[in-house]
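Structure at a glance
Below, each chain spelled out in residue letters.
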Amino acid sequence: VWILLAVSLATWLLSFPTKDTSWVDRIWSVVPAVYAWVWASQSGFQDARLNVMACLITLWAARLTFNFARKGGYRPGGEDYRWEILSKAMKPWQFQLFNLGFIVIFQNALLFAITLPMWVLAENGSKSVPFDGLDLWLTLLFLVLLSLETVADQQQWNFQKFKKAQSAQGRQVNSGFATKGLFQFSRHPNFFAEFSQWWVVFLFAEVRVGLAGWDWLGAVVLTALFIGSTRFTEGISASKYPQYADYQKRVSALIPWFPRRAGKA
């Protein structure tokens, strides 16, 4: 809790002198790994299940940090473009309330909540139950989802580099958004894999101790956040690219599925 309070205060205060509200984005991939190892330390690192979960979350953190860094997220001026759009649509005092309430407090609390299943396991004597086949299956499922997100992010990165290169040569790509690879089965395969990994973290606790307190809250709220973010992001894409509406009709929003046939014009 002290870590949560310290990080929340720091990300809020830094937004004033820098005039940049994306400080939570910069610690998004780091803080959950810190929480995970704090929970693992509760058993003196003697609980194999908690240790494996902490390692999985660390792998998640490393992948997300790398992807965020190569997109320029840690460079000055790397503020999320969505916050800039929202700030223009609000009065200054309204956006400052939004910054404190949603960007800082809500998102930092969410990063804390998604790791609570580990706390539930630590509090309910997880180390007394040996790491078994069910835990192994959940570990493999997490790694599959992590791989899916890694591939999706790389495909998105490759497309953006290609689009930038074509633009530099005065050429225009057929569409301004990725539609190949995993993106022909889901408009946001990386979003789907992202929140699904935290459902696996929840399942580690659920299959051992059942619903215990608020350990489900993080996965539920994170999923809702991604659904809302998807709608907001797609509204921007649809306003920029007329052909995006057809893509929405053909391809599933989040859950990967076979594309539908294009309807008659």
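For the chain, the helix and strand inventory stands at 11 helices and zero strands. What you see in the chain, going N to C, is helices and strands ordered as α-α-α-α-α-α-α-α-α-α-α. Computed over its C-alpha atoms, the radius of gyration of the chain comes to 20 Å, within 12% of the 18 Å expected for a compact globule of 265 residues. Expressed as lengths along the three principal axes of its C-alpha atoms, the size of the chain is roughly 60 × 45 × 30 Å. Counting over 265 residues, the chain shows a buried share of 44%.

Looking now at the packing of helix 3 (residues 31-41) against helix 4 (residues 48-70). Viewed as axis vectors pointing N to C, helix 3 and helix 4 meet at an angle of 170°, and their least axial separation amounts to 9 Å. On the basis of the axis angle, helix 3 is roughly antiparallel to helix 4. Along its contact with helix 3, which presents P32, A33, A36, W37, W39 and A40, the element helix 4 presents L50, N51, A54, C55, I57, T58, W60 and A61. Across the contact of helix 3 with helix 4, the residue classes break down as 12 nonpolar, two polar and no charged.

Counting residues in each nonpolar core, the largest one holds 47 residues, and the members touching the most others are W28, I57, W60, M118 and L222. When sequence neighbours within four positions are dropped, the list of residues in contact with I57 reads P32, A33, A36, M118, F142, W198 and V201.

Moving on: the environment of L254. Among the structural elements, L254 can be located in the segment after helix 11 (244-250). Taking the C-alpha atoms as reference points, L254 and P189, 65 residues apart in sequence, are found 6.0 Å from one another. Leaving out residues up to four positions away in the same chain, L254 has contacts with S186, H188, F191, F192, F195, I227 and T230.

This next bit is on the layout of surface pockets. Volume-wise, the second largest pocket comes out at about 250 Å³. Looking at the second largest pocket, the residues that line it are Q155, F159, F162, V173, N174, S175, F177, A178, T179, K180, G181 and F183. Taken together, the residues of the lining of the second largest pocket break down into six nonpolar, five polar and one charged.

Let us now look at the pattern of salt bridges. Enumeration according to the criterion identifies eight salt bridges in this entry. Residue E149 is joined to R63 by a salt bridge in which the shortest nitrogen-to-oxygen separation is 3.0 Å. Of the two residues, E149 is situated in helix 8 (residues 133-168) and R63 in helix 4; the sequence distance between them amounts to 86 residues.

Another point: helix 7 (residues 116-123). For helix 7, every residue scored as buried is listed here: L116, P117, M118, V120 and L121. Where helix 7 is buried, its residues contact helix 3, helix 4, helix 6 (92-113) and helix 9 (189-209). Directly after helix 7, the chain includes G125, whose backbone phi takes a positive value near 65°.

Moving on, we come to a nonpolar patch on the surface. Residues L59, F131, L136, W137, L140 and L143 make up a contiguous nonpolar surface patch of roughly 580 Å² in combined accessible area. Broken down by element, the residue count for the nonpolar patch peaks at four residues, all from helix 8. As for its placement among the helices and strands, W137 is situated in helix 8.

In this model, the chain carries a mean pLDDT of 90, and residues with pLDDT of at least 70 account for 97%. Here helix 5 (residues 81-89) stands out as the element of the chain with the lowest mean pLDDT, 74, in contrast to helix 3, whose mean of 97 is the highest.

This brings us to the packing of helix 4 against helix 9. Viewed as axis vectors pointing N to C, helix 4 and helix 9 meet at an angle of 175°, and their least axial separation amounts to 12 Å. What the angle tells us is that helix 4 and helix 9 run roughly antiparallel. For the pair helix 4 and helix 9, contact is made by R49, M53, L56, I57, W60, R63 and L64 and by E194, Q197, W198, V201, F204 and R208, respectively. Across the contact of helix 4 with helix 9, the residue classes tally to eight nonpolar, one polar and four charged.

Parameters at a glance
Residues numbered from 1 in each chain as written. Predicted model: local features only at pLDDT ≥ 70, side-chain atom pairs only at ≥ 80, totals over all residues. Heavy atoms only, no water. Helix = DSSP H or I, 4+ residues; strand = E, 2+ residues; numbered from the N terminus. Rg over C-alpha atoms; globule rule 2.2 N^0.38 Å. Buried < 20%, exposed > 50% of the residue type's maximum accessible area, 1.4 Å probe, protein only. Axes fitted to C-alpha atoms, helices over the stretch in contact; angles between N-to-C directions. Parallel < 35°, antiparallel > 145°, perpendicular 65-115°, else oblique. Contact = heavy atoms within 4.5 Å. Nonpolar A, V, L, I, M, F, W, Y, C, P; charged D, E, K, R; others polar. Core = buried A, V, L, I, M, F, W, Y, C linked by side-chain atoms within 4.5 Å. 1 Å grid on protein atoms, 1.4 Å probe; cavity = no way out; pocket = protein on both sides within 12 Å on 5 of 7 lines; lining within 4 Å. Points joined across faces, edges and corners; volume = space filled by probe spheres on them. Salt bridge = Lys/Arg side-chain N within 4 Å of Asp/Glu carboxyl O. Patch = residues over 30% accessible without salt bridge, like charges linked within 9 Å, V, L, I, M, F, W, Y side chains within 5 Å. Areas by Shrake-Rupley, 256 points an atom, 1.4 Å probe, with all protein chains shown as cover. pLDDT = per-residue confidence, 0-100.

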